[in-house]
Amino acid sequence: MLEKNPKRTGSFYAHIELLGLGGHSSTPYRTRNPLVAGFEFIHAVQNNVWWGFSTFNNVTLFPVDFTSGVKANIIPETASITLYGEYAEKTEYETLQTIIRTSLDGIKALYHVDYTVTYQ
């Protein structure tokens, strides 16, 4: 739940597309699973936000959507994640963008998935 905080004057959505390599679930070793990478990304972002700011910083960032398809027994090629963030100062927004980018770079290196991120 997002608490109302009038000092957070800025907000944004970060739309992330993870591009892996799909395949049948019986051969996961042949894939680059964007689902696993996506969940690890969310975990990394949350840890980096938790440890990257003072308790006096007025920020929040959390996932609001995670979509990857509905086919049974299929590891999808793509996954879409949307994060919602709020901040009080421009420097906090820049730090949140850095956290998102560095977390995605880490996931790319670990899981061999590509990504795009757009801010709205």
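Our structure is the block above this text.
Throughout what follows, the structure given in this document is the object of discussion. What you are looking at is a predicted structure, and each value in this text was computed from that prediction instead of being measured.

So, on to the nonpolar core. Core analysis: the biggest nonpolar cluster contains 23 residues, and Phe41, Leu83 and Ile100 have the highest contact counts within it. Looking at this core, the elements with two or more residues in it are strand 1 (10–19), helix 1 (34–52), strand 5 (78–87) and helix 2 (90–111). Per-element tally for this core: the top contributor is helix 2, with six residues. Those residues in contact with Leu83 that lie beyond four places of it in its chain are Phe12, Tyr13, Ala14, Ile16, Phe41, Val45, Leu61, Phe62, Pro63, Val64 and Ile100.

The full count for this structure, using the stated rule, is eight aromatic pairs. With 5.0 Å between their ring centres and 55 degrees between their planes, Tyr13 and Tyr84 make a pair best called tilted. Pair noted here: Tyr13 is in strand 1 and Tyr84 is in strand 5, with a separation of 71 residues, a long-range link. With centroids separated by 6.4 Å and ring planes inclined at 85 degrees, the aromatic side chains of Tyr93 and Tyr119 adopt a geometry described as edge-to-face. Taken together, the residues span a long stretch of sequence, with Tyr93 in helix 2 and Tyr119 in strand 6 (residues 114–119) at a distance of 26 residues. For Tyr119, a relative accessible area of 30% gives the class partly exposed.

In this section: the packing of helix 1 against helix 2. Taken N-terminus to C-terminus, the directions of helix 1 and helix 2 make an angle of 140 degrees; their axes are 9 Å apart at the nearest point. It follows from the interaxial angle that helix 1 and helix 2 lie oblique. Here helix 1 and helix 2 pass one another in a crossing that is right-handed. Between helix 1 and helix 2, the residues in contact are Val36, Ala37, Glu40, Phe41, Ala44, Val45, Asn48 and Val49 and Leu96, Ile99, Ile100, Ser103, Leu104, Ile107 and Tyr111, respectively. Considered class by class, the residues forming the contact of helix 1 with helix 2 number twelve nonpolar, two polar and one charged.

Calculation criteria
Every residue gets a number counted from 1 within its own chain, in the order that chain's sequence is written. For a predicted model such as this one, the threshold for reporting local features is a pLDDT of at least 70, and the threshold for listing and counting side-chain atom pairs is 80 or more; totals across whole chains, interfaces and linings nevertheless cover every residue. Side-chain numbers come from the whole structure's heavy atoms, not from hydrogens or water. What is meant by a nonpolar core is a set of buried Ala, Val, Leu, Ile, Met, Phe, Trp, Tyr and Cys residues, joined one to another through side-chain atoms within 4.5 Å. For every residue, the accessible area obtained with a 1.4 Å probe (protein chains only) is divided by the maximum for its type, and the residue is called buried under 20%, exposed over 50%, and partly exposed between those limits. Note on conventions: DSSP H or I runs of at least 4 residues are helices, E runs of at least 2 residues are strands, and numbering of each starts at the N terminus. Two residues qualify as a contact provided that any one of their heavy atoms is within 4.5 Å of a heavy atom in the partner residue. The aromatic pairing rule takes the rings of Phe, Tyr and Trp, using the six-membered ring of Trp, and pairs them if the centres are within 6.5 Å, calling planes under 30 degrees apart stacked, those over 60 edge-to-face and the rest tilted. Axis geometry follows a simple rule: fit a line to the C-alpha atoms, using only the stretch in contact for helices, then measure angles between N-to-C directions, giving values from 0 to 180 degrees. What sets the label is the angle itself: under 35 degrees gives roughly parallel, over 145 gives roughly antiparallel, 65 to 115 gives roughly perpendicular, and the rest give oblique. Crossings are classed by handedness, with left-handed meaning an anticlockwise turn of the near helix from the far one by less than a right angle and right-handed meaning a clockwise turn. Gly is put with the polar residues, along with every residue not named as nonpolar or charged; the nonpolar set is Ala, Val, Leu, Ile, Met, Phe, Trp, Tyr, Cys and Pro, and the charged set is Asp, Glu, Lys and Arg.

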